[in-house]
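Below, each chain spelled out in residue letters.
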Amino acid sequence: MKRTGELDIAKEPPSNKDLFLGIDLGGTKIVAGLVDRGGRIVARQHRTTQARDGQDAVVRRLMDGTTHLLSAEGVDRAAVVAIGVATPGPIDARLGVVTAPPNLPGWRDVPLGRMIQDEFGLPTSLENDANAAAMGEHRFGVGCDAEHLIYVTASTGIGGGFILDGRLYRGATGAAAEVGHMTILPHGPLCGCGNRGCLEALASGTAIAREARERVARGVATLIAELAQGDSDGISAKMVAQAADLGDAEANEILDQAMIFLGVGMANLVNLFNPQLLVIGGGLTKMGPRLFDPVRRIVDRRAFPATASAVEIKRAQLGDDVGLLGAAAVAMTAIEDNRHE
Ligand SMILES: [Zn+2]
C-alpha cells in the first residue's frame, strides 16, 4: 500500500481523453483517483481518514486530497468529466446525502455530493460502498458481460450489491441488498444491527473471530489460543484460518460452520434473483477454496437445479482497487444516465 499523501501517476497516457474521478471514502483511508473509460487508474492519492476527528476534519481531508490529485503535474484537470464517491452506507443516493455511517462517527445527514460538486464544479454522484463495488466489478472486473450479477463482500461485515437487468437495483429507499442482514437463524447470535441470527452474525470475519474467542474462553484446546499468545481479544478470523491450515480441528469446525451459513445465504440469493454470476469479494475470499468449495456445494444442493446450474460463482477481481474503480463506475453510470441536469 502507498504511504499516506503519496501521489502515484501512471506513465502511459490514458486510453482516451475522458477521465472520471473516483473517491473511496472508507473508515480508515480516503483514496481519490482518476480512471479512464477502460478502467485504468491513471493517478491516485491516499489520505488516512482519522474518522475520530469528526465530520469537518474528514471532509477537509477528502477535499485536500482531491485538490492535490487534480493539481498534480501530469494531470489534465480539464479531462475530468464527473466525480463518483463510494461511502460507507447508509446514504441517500438521489440527494447525495450520507445519512449515518457506522464507520464515520458523528456524521449525520451530510450533503457530501453537493459539497464536492460545489468545491470542484463537476457533477458528483454518491453510492454506498457495496453498491459501488458491484458497479465496479460489473463494469471493469469479473462481471463485464453479466446482465444479472449479485455481488457479495465477505469481510469483517457482509454486504452486497445487485445488478439486475444490467442496472444497479437500489430498492424503494436505496437500502436494497443488505445481504449481511438476512435472517439465517432466528434465535442465533446478536448482530450489530440489533437483530439476531443475521448472516453477518454467523459468517463474517467478526463472527468467526467471536466464535473462536468464545471457544478459547471456555478453555477448549486449540492452536488459536497459541496464535493469540494469551490475548484473546486479539483473536481474528485470520488466526482462525491460520490454525485451520495447520490442521487445528476447532478452527476447521468454526470455518466449516461459517461457510455453511454463507452457502445458505448465497443459495437464498440464487433462488431469489436467478443471477448468471455471483461474485464474492472481501477479505474472507483470501481463503480461496476453503470458502468457494462449500459455497458452491451448498448452492448446488439448496437452490433450484435450474437456477443453481445457471449461476457461475467467481471471486471478485478488482481487489484493493474495488472502492476506487467502483466510485469511478458510479460517476460513469451517472453521466450515461444523464442524471445531472
Ligand atoms: Zn444484522
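Residues numbered from 1 in each chain as written. Predicted model: local features only at pLDDT ≥ 70, side-chain atom pairs only at ≥ 80, totals over all residues. Heavy atoms only, no water.

### Quick word on the coordination of the zinc ion
Every protein donor of the zinc ion is accounted for by His 181 (ND1), Cys 191 (SG), Cys 193 (SG) and Cys 198 (SG), and the metal-donor separations fall at 2.0 to 2.4 Å. Note that the zinc ion binds four donor atoms; their angles at the metal cover 103 to 122°, and the shape is tetrahedral. Mapped onto the polypeptide sequence, the residues donating to the zinc ion form the spacing pattern H-x9-C-x1-C-x4-C. A residue pair is termed long-range when its members are at least 10 positions apart, and His 181 in the loop between β11 (167-168) and α4 (199-203) and Cys 193 in the loop between β11 and α4 qualify at 12 residues. Take His 181: its relative accessible area is 26%, and that puts it in the partly exposed class. On the accessibility criterion, Cys 193 (45% relative accessible area) is partly exposed. (Donors = N, O, S within 2.8 Å, 3.2 Å for Na, K, Ca; no water. Tetrahedral: all angles 85-135°; square planar, octahedral: opposite > 155°, others 65-115°. Helix = DSSP H or I, 4+ residues; strand = E, 2+ residues; numbered from the N terminus. Buried < 20%, exposed > 50% of the residue type's maximum accessible area, 1.4 Å probe, protein only.)

### Structural notes on the nonpolar core
Residues Leu 199, Met 266 and Val 299 are the most contacted members of the largest nonpolar core, which totals 49 residues. Sort the elements by how many residues they give to this core and helix α8 (residues 249-273) lands first, with 12 residues. Those residues within four positions of Met 266 in sequence are excluded, and the remaining contacts are Val 152, Val 179, Leu 199, Leu 278, Ile 280, Val 295 and Val 299. In terms of nonpolar packing, the next biggest core, distinct from the first, is built from 33 residues, Ala 51, Leu 69, Val 85 and Phe 120 among them. (Core = buried A, V, L, I, M, F, W, Y, C linked by side-chain atoms within 4.5 Å. Contact = heavy atoms within 4.5 Å.)

### Considerations on the sheet that holds strand β4 (residues 41-48)
An order of β1-β4-β3-β2-β5-β8 is seen for the six strands of this open sheet, with the pairing classed as mixed. In this open sheet, the two strands that pair with only one neighbour each are β1 (7-9) and β8 (124-128). Across the sheet, the axes of successive neighbouring strands diverge by a mean angle of 15°, strand direction being ignored. Bridge count for strand β2 (residues 19-25) against strand β3 (residues 29-36) is seven bridges, and the pairing is antiparallel. Each bridged residue has a counterpart across the sheet, and for Leu 19 the counterpart in β3 is Asp 36. The strands touched by helix α1 (residues 55-70) are β1, β2, β3, β4 and β5 (80-87); relative to β4, the strand with the most contacts, the crossing angle is about 150°. (Pairing = 2+ DSSP bridges. Axes fitted to C-alpha atoms, helices over the stretch in contact; angles between N-to-C directions.)

### Considering the domain arrangement of the protein
By domain assignment, the protein separates into domain 1 (7-136 + 320-337) and domain 2 (145-316). With 10 residues of domain 1 at the interface, the matching set in domain 2 holds 11 residues. Surface buried jointly by domain 1 and domain 2 totals about 800 Å² across both partners, of which 52% is contributed by carbon and sulfur atoms. Counting the contacts that link domain 1 with domain 2 gives two salt bridges. (Domains from an automatic or database assignment. Buried area = accessible area lost by both parts, 1.4 Å probe. Salt bridge = Lys/Arg side-chain N within 4 Å of Asp/Glu carboxyl O.)

### Observations concerning the sheet that holds strand β13 (residues 312-315)
Whenever strands of a sheet pair, they do so through backbone hydrogen bonds, lying parallel or antiparallel. Ordered by their spatial adjacency, five strands build an open sheet running β11-β10-β9-β12-β13, and the pairing between neighbours is mixed. Edge strands, defined here as strands with exactly one partner in the open sheet, are β11 and β13. Running over the sheet, helix α3 (residues 129-140) touches β9 (149-154), β10 (158-164), β11 and β12 (277-281) and is turned about 50° from β10.

### Describing the side chain of Thr 49
Structurally, Thr 49 is set in the loop between β4 and α1. Here Lys 29 takes part through its backbone nitrogen, which lies 2.9 Å from a polar atom of the side chain of Thr 49. Setting aside residues no more than four positions away along its own chain, Thr 49 makes contact with Leu 25, Gly 26, Gly 27, Thr 28, Lys 29, Ile 30, Val 58, Arg 61 and Leu 104. (Polar contact = N/O pair within 3.5 Å; in protein donor to acceptor, adjacent residues only side chain to side chain.)

### A short note on helix α11 (residues 322-337)
Residues spaced three or four apart along an α-helix face the same direction, because each turn holds 3.6 residues. For α11, with 16 residues, the first-to-last C-alpha span of 22 Å sits near the 22 Å given by 1.5 Å per residue. Of all 16 residues in α11, 13 are buried, a share of seventy percent or more. In the segment just after α11, Asn 338 is the residue with positive phi, at about 55°. (Expected span 1.5 Å × (residues − 1).)

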